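Structural overview
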Amino acid sequence: MGQRATQHENVITAAQRVNVKLIAYTSIANALTGNMKLAQEHIATEHLLAGSGIGYVLLRNGWYTENYTDQLLGYLNSKVVLGAAADGKISAATRADYAEAAAAVLLSEAGEAGKIYELGGDKPFTLSQLAGAVGAAAGQDVAYQDMDPEKLVEIYTESGVPAVFADILVDTDLRIREGALEVHSGDLARLIGRAPTSLGKAIKDALAR
């Protein structure tokens, strides 16, 4: 982060030189309307693509389920999920599901240039529901604790998260409150030809590893 726009411009320039016909770019869900700090570099790249003369398709990925399942050990040890998202809903999906959708677009024989896909899981969940699902899968109580944003930034930085990234994580939670990562398009299911992996299954699979 902080270097993406320049790096992406380099890639687009290189693609122009070798006459690439189509770029499929993995942006972020609701990029233009979600007001997330995390979206700023994605928006910049979308604008670069629009002016590049290369055909492009936007795969606006929602949140990754792994953003939470990778933290299962911490949730289970502390018996708490910390956040600042209140009752905001998150349409998360697994990296594998998003990758399958990208492959479907790249292999499609239909004209994909100019299309925008808003991608996310079919069943949005709150962080409270996440905590409940983790607890149910592990057979123990796990609760969600909604935090003061400034306090949560402090907790993250004290845990070793770089300050800039801690601020972005908490900003994302605050935007989740406003619906920034809630997706209702159904695009992901249509592209992969099935329902996206459920939160419960993703948690069970992570616990089994």
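Quick look at the structure, then. (Residues numbered from 1 in each chain as written. Predicted model: local features only at pLDDT ≥ 70, side-chain atom pairs only at ≥ 80, totals over all residues. Heavy atoms only, no water.)

Here we come to the overall build of the protein. The secondary structure content of the protein amounts to 10 helices and 5 strands. Taking 209 residues into account, the globule formula puts the C-alpha radius of gyration at 17 Å, and the protein, at 18 Å, falls close to it. Every one of the 209 residues in the protein was classed for burial, and the buried ones make up 43%. The long-range share in the protein, meaning contacts at least 24 apart out of those at least 6 apart in sequence, stands at 82%. (Helix = DSSP H or I, 4+ residues; strand = E, 2+ residues; numbered from the N terminus. Rg over C-alpha atoms; globule rule 2.2 N^0.38 Å. Buried < 20%, exposed > 50% of the residue type's maximum accessible area, 1.4 Å probe, protein only. Contact = heavy atoms within 4.5 Å.)

What follows is about helix H1 (residues 4-17). With 14 residues, H1 should reach 20 Å at 1.5 Å per residue; the first-to-last C-alpha distance of 20 Å fits that figure. Taken residue by residue, H1 has His-8, Ile-12 and Ala-15 as its buried positions. Take H1 and look down its axis: the buried residues cluster within an arc of 55 degrees, on one side only. Residues of H1 that are exposed and angled more than 90 degrees away from the buried face: Thr-6, Asn-10 and Arg-17. On its buried side, H1 packs onto strand E1 (22-28) and helix H2 (40-50). Looking at the residues trailing H1, positive phi occurs at Asn-19, about 60 degrees. (Expected span 1.5 Å × (residues − 1). Arc of directions from axis to C-beta.)

Take the side chain of Ser-91 next. With respect to the secondary-structure elements, Ser-91 resides in the loop between strand E3 (80-83) and helix H5 (95-107). Overall, Ser-91 belongs to the buried group, its relative accessible area being 0%. Within the structure, the side chain of Ser-91 is placed 2.8 Å from the backbone nitrogen of Val-183, a separation counted as a polar contact. Residues within four places of Ser-91 in sequence aside, it is in contact with Gly-62, Trp-63, Tyr-98, Gly-120, Gly-121, Pro-124, Leu-181, Glu-182 and Val-183. (Polar contact = N/O pair within 3.5 Å; in protein donor to acceptor, adjacent residues only side chain to side chain.)

What follows covers a nonpolar patch on the surface. A grouping of Leu-22, Leu-106 and Leu-107 is seen on the molecular surface, where their side chains present a nonpolar patch of about 310 Å² in accessible area. As for its placement among the helices and strands, Leu-106 is situated in helix H5. (Patch = residues over 30% accessible without salt bridge, like charges linked within 9 Å, V, L, I, M, F, W, Y side chains within 5 Å. Areas by Shrake-Rupley, 256 points an atom, 1.4 Å probe, with all protein chains shown as cover. Salt bridge = Lys/Arg side-chain N within 4 Å of Asp/Glu carboxyl O.)

The next subject is the nonpolar core. Counting 30 residues, the largest nonpolar core has Tyr-68, Ile-90, Leu-130 and Val-134 as its most contacted members. Of all elements in the fold, only helix H4 (72-78), helix H6 (127-138), helix H8 (163-177) and helix H10 (199-208) reach the threshold of two or more residues within this core. The dominant element in this core, judged by the number of residues it contributes, is H6, at 4 residues. Setting aside residues no more than four positions away along its own chain, Ile-90 makes contact with Trp-63, Tyr-68, Lys-123, Pro-124, Phe-125, Leu-127, Ile-176 and Leu-181. Val-57, Leu-59, Ala-102 and Tyr-117 belong to the second-largest nonpolar core, a separate cluster that totals 12 residues. (Core = buried A, V, L, I, M, F, W, Y, C linked by side-chain atoms within 4.5 Å.)

Moving on, we come to the packing of H6 against H10. Axis separation between H6 and H10 bottoms out at 10 Å; the angle between their running directions is 45 degrees. The orientation of H6 relative to H10 falls into the category oblique. Between H6 and H10 the crossing geometry is right-handed. Here Leu-130, Ala-133, Val-134, Ala-137 and Ala-138 of H6 lie close against H10, whose contacting residues are Leu-199, Ile-203, Lys-204 and Leu-207. Looking at the contact of H6 with H10, its residues break down into 8 nonpolar, no polar and 1 charged. (Axes fitted to C-alpha atoms, helices over the stretch in contact; angles between N-to-C directions. Parallel < 35°, antiparallel > 145°, perpendicular 65-115°, else oblique. Left-handed = near helix turned anticlockwise from the far one by under 90°. Nonpolar A, V, L, I, M, F, W, Y, C, P; charged D, E, K, R; others polar.)

Turning our attention to H2. Restricting attention to buried positions, one finds in H2 the residues Glu-41, His-42, Thr-45, Glu-46 and Leu-49. Buried residues of H2, viewed axially, fall in a sector of 145 degrees; they line one side. For H2, the exposed residues lying more than 90 degrees away from the buried face are Gln-40, His-47 and Ala-50. Elements that come into contact with the buried residues of H2 comprise H1, E1 and strand E2 (55-61).

Evaluated as defined, the whole model comprises 2 aromatic pairs. A centroid spacing of 5.4 Å and a plane angle of 85 degrees characterise the contact between Tyr-64 and Tyr-98, whose relative ring orientation is edge-to-face. Residue Tyr-64 is located in the loop between E2 and helix H3 (66-69), and its partner Tyr-98 is located in helix H5; the two are separated by 34 residues in the primary sequence. Residues Tyr-68 and Phe-125 carry aromatic rings whose centres are separated by 6.1 Å and whose planes lie at 75 degrees to one another, so their mutual orientation is edge-to-face. Taken together, the residues span a long stretch of sequence, with Tyr-68 in helix H3 and Phe-125 in the loop between strand E4 (116-119) and H6 at a distance of 57 residues. Taking the relative accessible area as the measure of exposure, Tyr-68 reaches 7% and is therefore buried. We classify Phe-125 as buried; its relative accessible area is 5%. The side chain of Arg-95 reaches across the aromatic face of Tyr-64, ending 5.1 Å from its centre. (Phe/Tyr/Trp six-rings, centres within 6.5 Å; stacked < 30°, edge-to-face > 60°. Lys NZ or Arg CZ within 6 Å of the ring centre and 35° of its normal.)

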